[in-house]
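Given next are the chains, with one letter for each unit.
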Amino acid sequence: MQFVEGTHAGSTAPLARRRLQMVVCLAGLALTLSGCRLDMHVQPKYLPDWPSKFFSDGRSDRPPVPGTVAREDLRIDELMYSGTENGVLSNRFPFPITRADLERGRERYNIYCSPCHDYAGTGRGMIVQRGFPQPPSYMLPRLRQAPVGHFYQVMTNGIGAMYSYSARVSPADRWRIAAYIRVLQMSQNATVQDVPAPERERLQQASTGQTPGQAQ
Amino acid sequence: MAQIFHRSSNMIARLSIAGAVILLGALTVILYEIALSPWYTNERVTLQQPVPFSHRHHAGELGIDCRYCHTAVEKSWYAGVPPTQTCMTCHSQIWTNADMLEPVRQSYRTGVSLQWNKLNELPEFVYFNHSIHVAKGIGCTTCHGPIATEPMTYKTGTLYMSWCLECHRDPAKFVRPESEVFNPFYAQPTYGAPVTFEGVKYTDQATLGSVLVKKYQLQTYQYCSTCHR
């Protein structure tokens, strides 16, 4: 109201305008300063593992409703997801095992299995050396004769002191690990006759201390 | 009329101008140093945790692979803090009476999560992705430091944008062979300790880095939207 009066009363106009400018500047400064918040730094959202005050268990990660099927995760393939065929442990793999699968299997085995089963599968890994009950060696006749489905099932459900690894290793990777366990079993029980003929020559040269390159 | 100021005021005036410049400079340096100091960045500062978990023991002495616990690191932006079940995989059998581990057992019994204190915190407008970094030859220890020697974990970078850009401008300085990404004891090649990649021995990071940058097709992305989305 004063401002309106001021514009009418010619002589007070400059003063009123200056006051107005002052007020606008201060308001601007106040707005700017009050705008210094961390809205972008700290956003009203949840990221994985963040706590929540809203849910009674204190977690923002919600368990799926029972019966939920994730996209591309419909588990109707019995062999793939349970290691059995018609309820009997199977000795077949649900997909053809290639060299790449074996290499992936070795990598996953070394990450998840070797702490107890050790890199060769004899069951004397570092954690066993520190007091964990020793698992059986894969070289036991019982385990050499066991169908691959058995290894898949043990990884999926756990056995004895061993917990389930289903949350850590995907079903396809469990099959690749099972395939690699077969490789380990073979590696300790192979004869020269198991080596393909062209490779056998190289192997024999290597065992006499010569590499094919040196031989020429 | 007498002069208000004595002649010496000239000198004082000049000195105060110079003083102001020096003071401003000093203030800038001091603020800069404070912003880079662990007091402000929390670098190399450990936090109180519910359980004094030692990466030195687990990753260093026992040689457990990073991915045994941080299972999502290869397929997600988030490396993942392991669930209590992962701890209990071993600790249901060993150190079962240790008081230190009681919070873990309690969490497993009751289903209430352990609440760890976060060390490496990014502003929430930064979208960092672990999976692409580990897939392109950037090792865990490149950012997380000598984690396998840390009894209590601390962060080893400022996590400032300049820190990220250091590598985004020139990844050749940091990249390592993919097979060494999860090796916590990897050291960059030196003349005395060369690194072999695809049958070739490298004795310096500059050469190895430039080979790997080409091999892995590393991009020097510096667009704002690379990280700020």
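Residues numbered from 1 in each chain as written. Chains lettered and ligands numbered in written order. Predicted model: local features only at pLDDT ≥ 70, side-chain atom pairs only at ≥ 80, totals over all residues. Heavy atoms only, no water.

*Asks:* What should I look at first to understand the state of the cysteines in this one?
*Replies:* Note on terminology: disulfide describes a covalent bond linking the sulfur atoms of two cysteines. All names here are of chain B. For the structure shown, the criterion picks out zero disulfides over all chains. Free cysteine Cys 140: the closest other cysteine sulfur is in Cys 66, separated by 3.9 Å. As a non-bridged cysteine, Cys 164 has Cys 227 as the owner of its nearest cysteine sulfur, 6.3 Å distant. (Disulfide = S-S within 2.5 Å.)

*Asks:* Would you mind showing me how to read the nonpolar core here?
*Replies:* The tendency in soluble globular proteins is for nonpolar side chains to be buried side by side. Counting 26 residues, the largest nonpolar core has A:Tyr109, A:Tyr112, A:Ile127, A:Tyr138, A:Phe151, A:Ile177 and A:Ile181 as the members making the most contacts within it. The element contributing the most residues to this core is helix H9 (residues 171-188) of chain A, with five residues. Beyond its immediate sequence surroundings of up to four residues, A:Tyr138 is in contact with A:Tyr109, A:His117, A:Gly121, A:Leu143, A:Arg144, A:Phe151, A:Ile181, A:Leu184 and A:Gln185. Listed in part, the 11 residues of the second largest apolar core include B:Ile138, B:Val195, B:Phe197 and B:Tyr216. (Core = buried A, V, L, I, M, F, W, Y, C linked by side-chain atoms within 4.5 Å. Buried < 20%, exposed > 50% of the residue type's maximum accessible area, 1.4 Å probe, protein only. Helix = DSSP H or I, 4+ residues; strand = E, 2+ residues; numbered from the N terminus. Contact = heavy atoms within 4.5 Å.)

*Asks:* What is the right way to read the domain arrangement of chain B from this model?
*Replies:* Think of interface size as the accessible area that goes away when the parts come together; that is how it is often given. According to the domain assignment, chain B contains domain 1 (10-40) and domain 2 (121-227). Computed over C-alpha atoms only, the centres of domain 1 of chain B and domain 2 of chain B are separated by 36 Å. (Domains from an automatic or database assignment.)

*Asks:* Explain the environment of B:Val45 to me, please; I cannot follow it from the model alone.
*Replies:* Along the chain, B:Val45 falls in the loop between helix H2 (38-41) and helix H3 (55-61). Judged by relative accessible area, B:Val45 falls into the partly exposed class, the value being 29%.

*Asks:* Just checking my understanding: could you explain the interface of chain B and chain A for this structure?
*Replies:* Contacts between chain B and chain A engage 28 residues on the former and 26 residues on the latter. Taken together, both faces of the contact between chain B and chain A bury some 2,700 Å²; the carbon and sulfur share is 55%. At the boundary of chain B and chain A, one finds two salt bridges. Measuring nitrogen to oxygen at the nearest pair gives 3.6 Å for the salt bridge that ties B:Arg67 to A:Glu107. Broken down by secondary-structure element, the contributors of at least two residues to the side of chain B that touches chain A are H3, helix H4 (66-69) and helix H5 (84-91) of chain B. The greatest single-element share of the side of chain B that touches chain A, amounting to five residues, is contributed by H5(B). Split by residue class, the side of chain B that touches chain A holds 14 nonpolar, nine polar and five charged. (Buried area = accessible area lost by both parts, 1.4 Å probe. Salt bridge = Lys/Arg side-chain N within 4 Å of Asp/Glu carboxyl O. Nonpolar A, V, L, I, M, F, W, Y, C, P; charged D, E, K, R; others polar.)

*Asks:* Explain the side chain of B:Lys155 here, please?
*Replies:* Residues and elements named next belong to chain B. In this structure, Lys 155 sits in the loop between helix H8 (140-144) and helix H9 (161-169). Buried and without a salt bridge, Lys 155 has Glu 43 as its closest oppositely charged side chain, separated by 7.2 Å. Within the local environment of Lys 155, its side chain forms a polar contact with the backbone oxygen of Thr 41, the two atoms lying 2.9 Å apart. Those residues in contact with Lys 155 that sit more than four places away from it in its chain are Thr 41, Asn 42, Glu 43, Arg 44, Leu 119 and Asn 120. (Lys, Arg positive; Asp, Glu negative; His and termini not counted. Polar contact = N/O pair within 3.5 Å; in protein donor to acceptor, adjacent residues only side chain to side chain.)

*Asks:* Can you help me understand the packing of helix H8 (residues 148-157) of chain A against H9(A) in this one?
*Replies:* When two helices pack together, their arrangement is given by the angle between the helix axes and the distance between those axes. Residue and element names in this part refer to chain A. At their nearest, the axes of H8 and H9 sit 9 Å apart, and the two run at 130° to each other. Accordingly, the angle class assigned to the pair H8 and H9 is oblique. When the axes of H8 and H9 are compared, the crossing they make is right-handed. Of the residues in H9, those touching H8 at Val 148, Gly 149, Phe 151, Tyr 152, Met 155 and Thr 156 are Pro 171, Arg 174, Trp 175, Ile 177, Ala 178, Ile 181, Arg 182 and Gln 185. (Axes fitted to C-alpha atoms, helices over the stretch in contact; angles between N-to-C directions. Parallel < 35°, antiparallel > 145°, perpendicular 65-115°, else oblique. Left-handed = near helix turned anticlockwise from the far one by under 90°.)

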